[in-house]
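Each chain is listed here by its residues.
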Amino acid sequence: METSLTLPARAARGVPVLLGALTVLAFAGTILLLMRYTSEQNAIRSLALSDAQAQASAAAVEIDAFFADVMVVANNLAEELSSGALPYDQVQERLRTVALLRSDLDGIAITFEPYVYDPGLELYQHYVYRDKGTVRTLDGATYDYTTPPNSVPDAPQTAWYHNPLENGPMWNEPFLATGARKILIEYGVPFYRVGATERSRSTAAGVLTIDYSVQNIRLMMASLRLGETGYGFVFSPTGTFLAHPIPEYVVNQSIFRMADAMGSADLNAAAQLGLRGQQVQIDWLDPVTDRQSWTFFEPLASTGWVMGVVLNRAEFDLDGSTTAQYLVSIAALGLTALFLMVMTIAAATHTLDHNLWGISGIFSLLCVLLIILSWVITRVNPDDGGVQIADTASLNRYIETYTRSSGVASQPIAVPTGIMVQAVEFTSATNVVVNGYIWQSYPTGREGETILRGFNFPDRLGEEATLEEVDRQIVNDRELIVWYFGVTLQQSFDPSLFPFDTRNIEIRLTPLDLDDPIILTPDFASYNLLSPRLLPGVAPAVSINNWELQSSFFSYERAASTTTFGLPARASAAAPPELFFTISTYRSFLGPFIAYLLPALVVALMLFGWVLNDHDAGDKNEISAALNFGAALFFVLAVAHAALRDSIGAIGMTYLEYLYILLYLAIVTMAGNTYLVVRRPDWAIVSFRDNLPVKLGFFPVMTGVMMIVTLVAFL
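### Some thoughts on the overall build of the protein
Looking only at helices and strands, the protein has 15 helices and 22 strands in total. The C-alpha radius of gyration of the protein comes to 37 Å, more than 25% above the 27 Å expected for a compact globule of 715 residues. Taken over 715 residues, the protein has a buried fraction of 48%. When contacts within the protein are restricted to residue pairs at least 6 apart in sequence, long-range pairs at least 24 apart make up 66% of them. Accessible surface computed for the protein: about 34200 Å², of which carbon and sulfur atoms make up 58%.

Structure (structure tokens):
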């Protein structure tokens with residue numbers, strides 16, 4: 001006799017209310033969790049931005065005040081010359097006194113118009129400058145500074161003299177001074193003949209200039225706390241860099257040319273607004289490094305310059321695992337709310353009893369959807385280790401940060417190091433064989449003569465390894481050495497998420513010389529492409545069977561060294577960061593799906609088909625058939641399971657194996673259920689609607705258990 005699912009009237013009225021309340025709570029929980037995730041993400045970003053903005057503003061005020069003070073010093077000296085308070089014959093003594101008092105100034109010069117200083121002397125200049133901490137004097141003109149400025153190559157630079165005469169007090173564009181043979185940032189102000197009633201070009205007696213070192217501005221920028229790789233820079237009204245982490249950019253590069261080369265109209269427009277005196281902030285994707293960055297500009301009113309700050313946004317976002325936990329939790333709550341809403345509608349319309357199969361199917365599909373979402377979210381939010389270095393500016397900033405925090409007495413010696421991987425093979429679950437080229441560039445002369453050439457693979461296994469020097473030559477006054485290498489490296493691959501596991505091939509490099517303060521740096525100049533997704537440092541022909549290459553990048557990790565190796569140099573300072581070249585890979589899903597997942601799904605469907613089939617009560621052959629059927633399915637699963645473990649060399653349980661364990665239990669449950677149908681047909685679990693609870697619950701239980709396993713394994 002069939003039992004009805006009809007509930008008492010009072011209970012029937014209460015079910016929709018209860019389900020509706022649970023639905024509201026689930027949706028509210030989803031919204032609250034989403035708000036919390038967004039709030040936490042925004043709070044971290046806002047804190048980083050506000051801290052950097054505050055530092056930039058404070059630095060801008062400090063820089064502006066300093067250069068305003070420099071202008072006051074120059075203007076006062078020029079006024080003393082014009083009024084006669086500073087006689088020409090006392091110029092030398094006065095400039096030396098100012099230079100000794102102002103150690104922050106690089107140089108002060110008074111340059112006279114022809115025959116003004118001495119009627120018998122056409123050109124005269126007195127220049128006091130700082131050289132390695134000592135104040136030196138250059139007396140007399142070393143070239144004809146009255147020559148009009150021109151663009152002829154190797155012609156004397158004279159704009160520093162003519163521009164203030166024609167335009168009044170001004171900061172000159174940085175230039176390589178012909179006499180001083182160095183790059184100068186210079187403020188020039190004209191002074192006039194004593195007793196002149198009108199201050200014009202015709203009454204000008206000369207120009208007073210004050211120089212400031214480019215290096216000093218860079219040190220100001222380096223003092224900002226901008227994360228591991230954030231940096232600051234300063235550019236002039238023409239966009240020319242006055243300070244930048246890449247020394248070659250100073251004077252030789254413009255922010256506008258750089259923005260045009262990157263195709264960034266936003267960066268160009270923001271720099272223009274900064275020069276107009278506006279504070280500007282932009283959030284943009286660097287097309288070269290493929291990094292999301294924050295850049296903002298602070299105008300320096302006294303000089304007309306602009307200070308910029310760049311932050312790597314990834315350093316201030318939630319890490320990959322935390323982000324994945326939030327997103328999967330939000331998806332789980334949202335799908336739970338969706339299922340409860342379906343249940344509420346079915347209960348409210350009194351169709352719950354007639355839609356049991358539909359509800360079972362919806363629950364199973366939502367579980368499968370959450371499982372797939374967990375796979376995708378975890379894969380697109382990897383938890384990368386170390387500090388990724390994607391460009392030269394970030395590299396230089398990182399080295400400056402390390403130098404300040406490590407206690408080293410001097411700047412470490414940078415050895416540019418490049419790598420081109422030609423072949424990769426996974427030989428076991430913990431080993432990888434890598435072949436390719438490595439090159440290094442060493443300084444020549446006194447600095448480089450004591451440095452041991454070469455590098456170590458700290459993770460190398462065994463004695464057998466290939467390291468052949470294939471080329472050695474002098475390039476740009478540096479010694480370039482190229483090696484071909486082949487080595488087996490020990491790795492910490494984790495196959496527990498098979499077949500959705502990833503493998504980061506980490507090539508760890510350390511200097512051969514342990515005594516000198518050496519830091520290996522990525523040789524970015526040797527690569528045409530820097531974006532990690534374009535796989536710099538990996539040959540196009542490289543492929544790994546059943547694995548997809550995702551990205552490649554350089555990174556640094558601080559060495560957790562517990563010994564000084566007996567070297568005094570290691571005892572006095574922190575160990576230098578170690579250079580890693582990482583190739584990120586993920587397992588191709590198609591192969592494992594066909595070999596291991598597809599047989600499991602077929603077995604699950606066949607089991608479900610057996611459960612759906614009608615079985616005759618009292619027919620003992622049904623039990624024998626169930627046992628034979630279960631044994632056949634078990635054999636198929638056991639063979640696939642054994643092949644799976646052999647292929648990945650797993651030690652513990654892997655993710656896909658839980659499906660096999662679940663199917664083993666399902667086979668046993670199927671045999672037990674058949675026994676009850678045949679021998680105990682009066683039991684409620686099998687008599688109710690012809691074994692309906694088992695039929696309805698088969699896929700919800702299977703998918704629900706796998707959903708729980710997925711959440712635990714991936715999060």
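### A word on the pairing of strand β8 (residues 231-235)
Across the five residues of β8, five count as buried, placing the element largely inside the fold. The alternating pattern of β8 places Tyr231, Phe233 and Phe235 and Gly232 and Val234 on opposite faces, both of which are buried. Summarising the sheet, β8 and strand β12 (residues 305-312) pair through five bridges and their orientation is antiparallel. Each residue of the ladder has a partner; that of Phe233, found in β12, is Gly308.

### Comments concerning the packing of aromatic side chains
Summed over all chains, the structure comprises 49 aromatic pairs. On the numbers, 5.1 Å between centres and 50° between planes, the contact of Phe112 with Tyr117 is tilted. Classification of Tyr117 by relative accessible area gives partly exposed; the value is 25%. Seen in terms of ring centroids, Tyr231 and Phe233 are 6.4 Å apart; in terms of plane orientation they differ by 45°. Their pairing is tilted. Exposure class is identical for Tyr231 and Phe233. Each is buried. An aromatic cluster is built from Phe66, Phe67, Trp171, Tyr187, Tyr212 and Trp305, whose rings are joined through pairwise contacts. Positioned over the ring face of Phe426 is Arg503, at 4.7 Å from the centre of the ring.

### Topic: the packing of helix α11 (residues 590-612) against helix α13 (residues 655-679)
Between α11 and α13, the shortest axis-to-axis distance is 10 Å and the interhelical angle comes to 20°. Classified by the interaxial angle, the pair formed by α11 and α13 is roughly parallel. The handedness of the crossing between α11 and α13 comes out as left-handed. Seen from α11, the contacting residues are Tyr596, Leu597, Ala600, Val603, Ala604, Leu607 and Trp610; seen from α13, they are Leu656, Leu659, Tyr660, Leu663, Ala666, Ile667, Met670 and Thr674.

### Overview of the sheet that holds strand β17 (residues 466-475)
An order of β17-β18-β15-β14-β20 is seen for the five strands of this open sheet, with the pairing classed as mixed. The strands lining the two open edges of the sheet, one partner per strand, are β17 and β20 (518-522). Strand-to-strand, the axes of this sheet are offset by a mean angle of 30°, without reference to chain direction.

### Examining the side chain of Gln253
By the secondary structure assignment, Gln253 is in the loop between β9 (241-243) and α5 (255-262). If sequence neighbours within four positions are ignored, Gln253 has contacts with Gly239, Thr240, Phe241 and Met258.

### Here we look at the confidence of the model for the protein
Averaged over every residue, the pLDDT of the protein is 85; the share at 70 or more is 93%. Long-range and interchain partners of residues 1-5, a stretch whose pLDDT sits below 50, account for seven contacts in this model, where long-range means more than four residues apart.

### Digging into helix α3 (residues 159-167)
Here α3 has its buried residues at Trp160, Tyr161, His162, Pro164 and Leu165. Count one or two residues on from α3 and you reach Gly168, which has phi positive near 90°.

### Re the nonpolar core
Ranked by size, the top nonpolar core spans 57 residues in total, and within it Phe191, Leu208, Val234, Trp305 and Leu311 carry the most contacts. In this structure, Trp305 is in contact with Phe67, Trp171, Ile185, Ile217, Val234, Phe235, Ser236, Pro237, Leu242, Pro299 and Leu300, ignoring residues within four places of it in sequence. Counting residues in each nonpolar core, the second largest holds 51 residues, with Trp375, Tyr655, Tyr664 and Met702 among its members.

### A few points about the pattern of salt bridges
As enumerated under the stated definition, the model contains 13 salt bridges in all. Close ionic contact of Glu657 with Arg645 constitutes a salt bridge, the shortest N to O distance being 2.7 Å. Placement of the pair is Glu657 in helix α13 and Arg645 in helix α12 (residues 620-648), with a sequence separation of twelve residues. Salt bridges linked by common partners bring Arg453, Glu469, Arg472 and Glu479 together as one network.

### Considerations on the pairing of strand β14 (residues 413-426)
Pairing of β14 with β20 involves five bridges; the strand directions are parallel. Looking across to β20, one finds that Thr417 is bridged to Pro522. The sheet contact formed by β14 and strand β15 (residues 431-443) spans nine bridges and is antiparallel. Paired with Ile419 across the strands is Ile438, a residue of β15.

### Some details on the sheet that holds β9
One open sheet holds the five strands; their spatial order is β9-β8-β12-β11-β10, and the pairing between them is antiparallel. Every interior strand has two partners, whereas the edge strands, β9 and β10 (280-286), have only one. Neighbour to neighbour, the strand axes of the sheet diverge by 30° on average, direction disregarded. Pairing of β10 with strand β11 (residues 291-300), which is carried by seven bridges, proceeds in the antiparallel orientation.

### Quick notes on a nonpolar patch on the surface
The grouping of Leu590, Ile594, Leu598, Leu601, Val602 and Met606 at the surface amounts to a nonpolar patch, some 510 Å² of accessible area in total. Checked against the element boundaries, Leu590 lands in helix α11.

### What about α12?
The first and last C-alpha atoms of α12 sit 43 Å apart over 29 residues, in line with the 42 Å expected at 1.5 Å per residue. The complete set of buried residues in α12 reads Glu622, Ile623, Ala626, Phe629, Gly630, Leu633, Leu637, Ala640, His641, Leu644 and Ile648. Check the buried side of α12 and you find it contacts β22 (578-587), α11 and α13. Looking one or two places after α12, you find Gly649, whose phi comes out positive at around 60°.

### Notes on the environment of Gly239
Tracing the backbone through its elements, the reader meets Gly239 in the loop between β8 and β9. For Gly239, a relative accessible area of 0% gives the class buried. A sequence separation of 237 residues divides Gly239 from Asn476, and the C-alpha atoms of the two residues are 28 Å apart. If we ignore the near neighbours within four places in the chain, the residues touching Gly239 are Gln253, Ser254, Ile255 and Phe256.

### Topic: the side chain of Glu578
With respect to the helices, strands and loops of the structure, Glu578 is situated in strand β22. Of the polar contacts made by the side chain of Glu578, one reaches the side chain of Arg508; its length is 2.7 Å.

### Looking at unusual backbone geometry
For the bond running from Phe498 to Pro499, omega is 5°, close enough to zero to count as cis. At Tyr115, a position not held by glycine, the phi torsion is positive, near 65°. Turning to its location among the elements, Tyr115 is positioned in the loop between β1 (107-112) and β2 (124-131).

### Section: the packing of α13 against helix α15 (residues 692-714)
Closest axis-to-axis distance for the α13/α15 pair is 10 Å, and the angle between their directions is 155°. For the element pair α13 / α15, the angle class is roughly antiparallel. As for how α13 packs across α15, the hand of that crossing is right-handed. Residues Tyr655, Tyr658, Leu659, Leu662, Leu663, Ala666 and Asn673 of α13 form the contact with α15, whose participating residues are Val694, Met702, Val705, Met706, Val709, Thr710, Ala713 and Phe714. In terms of residue class, the contact of α13 with α15 is built from 13 nonpolar, two polar and no charged.

Rules of the game
Residues numbered from 1 in each chain as written. Predicted model: local features only at pLDDT ≥ 70, side-chain atom pairs only at ≥ 80, totals over all residues. Heavy atoms only, no water. Helix = DSSP H or I, 4+ residues; strand = E, 2+ residues; numbered from the N terminus. Rg over C-alpha atoms; globule rule 2.2 N^0.38 Å. Buried < 20%, exposed > 50% of the residue type's maximum accessible area, 1.4 Å probe, protein only. Contact = heavy atoms within 4.5 Å. Areas by Shrake-Rupley, 256 points an atom, 1.4 Å probe, with all protein chains shown as cover. Pairing = 2+ DSSP bridges. Phe/Tyr/Trp six-rings, centres within 6.5 Å; stacked < 30°, edge-to-face > 60°. Lys NZ or Arg CZ within 6 Å of the ring centre and 35° of its normal. Axes fitted to C-alpha atoms, helices over the stretch in contact; angles between N-to-C directions. Parallel < 35°, antiparallel > 145°, perpendicular 65-115°, else oblique. Left-handed = near helix turned anticlockwise from the far one by under 90°. pLDDT = per-residue confidence, 0-100. Core = buried A, V, L, I, M, F, W, Y, C linked by side-chain atoms within 4.5 Å. Salt bridge = Lys/Arg side-chain N within 4 Å of Asp/Glu carboxyl O. Patch = residues over 30% accessible without salt bridge, like charges linked within 9 Å, V, L, I, M, F, W, Y side chains within 5 Å. Expected span 1.5 Å × (residues − 1). Polar contact = N/O pair within 3.5 Å; in protein donor to acceptor, adjacent residues only side chain to side chain. Nonpolar A, V, L, I, M, F, W, Y, C, P; charged D, E, K, R; others polar.

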